[in-house]
Amino acid sequence: LMQVEGDLVFAIGDIAGKGLMAAMWFTDVVGMIRRQMTTVGDPAAALSAVNRDLLLTGLEVPLTTLFLARVNLENGELTYCNAGHPPALLLRENSEVEELSAGGPVLGALSAASFANGSERLCPGTTLLAYSDGIPECRNESGVEFGAKGLLNVARTFSGCKPSGMLFSVLAAVEDFAGSQRREDDVALVVLHRFGSCKKY
């Protein structure tokens with residue numbers, strides 16, 4: 001989470017693998033994102049540069065998915081790039097849902113990969129949910145996945161809550177669904193909501 005020329009920039013991602021090695025790569029990727037967004041300010045250009053830099057290391061780079069977005073806090077204009085990550089969801093005030101999937105492939109896989117920006121507007125009453133695949137892939141004791149539909153249903157149920165309320169309610173719903181079943185992956189969730197004319201997020 002950072003600000004670039006007054007705009008809010010945030011990212012959510014997932015790195016293949018676990019333990020110390022994954023944690024070290026995560027730190028490197030976060031640093032790359034910060035440098036590139038400060039320099040170019042454009043999500044697609046930043047992810048293209050990060051992909052290039054990862055491959056130039058000459059190391060065995062773990063595959064990385066990432067959703068990177070920039071929001072104008074005055075008018076709600078959202079510019080984003082999705083690099084192989086589960087698409088973020090926009091919940092409109094009229095209950096319409098949009099998936100934010102524009103972007104490109106996972107990072108660290110293809111040297112010739114191209115990335116494109118997507119754009120939307122966060123009108124008053126709109127909520128954005130960006131999440132890791134640990135949420136939809138969470139299973140219960142019967143082996144059934146929570147699924148993207150389960151996430152959407154819970155989000156709609158708590159759509160009248162404050163962003164913090166929705167965040168904790170969704171995470172609690174995932175935990176309740178899993179029950180005693182051990183989670184196989186970490187879960188991460190970002191909730192962003194635009195309030196009326198207050199221009200508050």
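Look a little higher up for the structure.
Residues numbered from 1 in each chain as written. Predicted model: local features only at pLDDT ≥ 70, side-chain atom pairs only at ≥ 80, totals over all residues. Heavy atoms only, no water.

(A) Region of interest: the sheet that holds strand E6 (residues 97–100). Overall, antiparallel pairing links the 4 strands, which are arranged E6-E5-E9-E10 in an open sheet. Two strands close off the open sheet at either side, each with one partner strand: E6 and strand E10 (189–193). If you compare each strand with its neighbour and ignore which way they point, the axes differ by 20° on average. Relative to E6, strand E5 (residues 88–91) runs antiparallel, the two being bridged by 4 bridges. What sits directly across from Leu89, in E6, is Glu99. Its contacts with the sheet place helix H3 (residues 147–157) against E5, E6 and strand E9 (127–131), and it is angled at close to 35° to E5. Of the strands in this sheet, E9 and E10 touch helix H4 (residues 163–178), which is tilted by about 150° from E10. (Pairing = 2+ DSSP bridges. Helix = DSSP H or I, 4+ residues; strand = E, 2+ residues; numbered from the N terminus. Axes fitted to C-alpha atoms, helices over the stretch in contact; angles between N-to-C directions. Contact = heavy atoms within 4.5 Å.)

(B) Quick peek at the side chain of Thr64. Along the chain, Thr64 turns up in strand E3 (residues 64–71). Looking at Thr64, the relative accessible area reads 3%, which means it is buried. From its side chain, Thr64 meets the backbone oxygen of Pro62 in a polar contact 3.2 Å long. Not counting the four nearest positions on each side in its chain, Thr64 is found in contact with Asp14, Ile15, Ala83, Val106 and Leu107. (Buried < 20%, exposed > 50% of the residue type's maximum accessible area, 1.4 Å probe, protein only. Polar contact = N/O pair within 3.5 Å; in protein donor to acceptor, adjacent residues only side chain to side chain.)

(C) Here's a closer look at the packing of H3 against H4. Contact pair H3 / H4: the axes reach a minimum separation of 10 Å and the direction vectors enclose 140°. Taken together, the axes of H3 and H4 are oblique relative to one another. For the pair H3 and H4, the crossing hand works out as right-handed. When H3 is examined against H4, the residues Leu151, Val154 and Ala155 are found in contact with a partner set consisting of Met166, Ser169, Val170 and Ala173. Tallied by class, the residues present in the contact of H3 with H4 amount to 6 nonpolar, 1 polar and no charged. (Parallel < 35°, antiparallel > 145°, perpendicular 65-115°, else oblique. Left-handed = near helix turned anticlockwise from the far one by under 90°. Nonpolar A, V, L, I, M, F, W, Y, C, P; charged D, E, K, R; others polar.)

As far as function goes, none of this settles anything; it's purely spatial.
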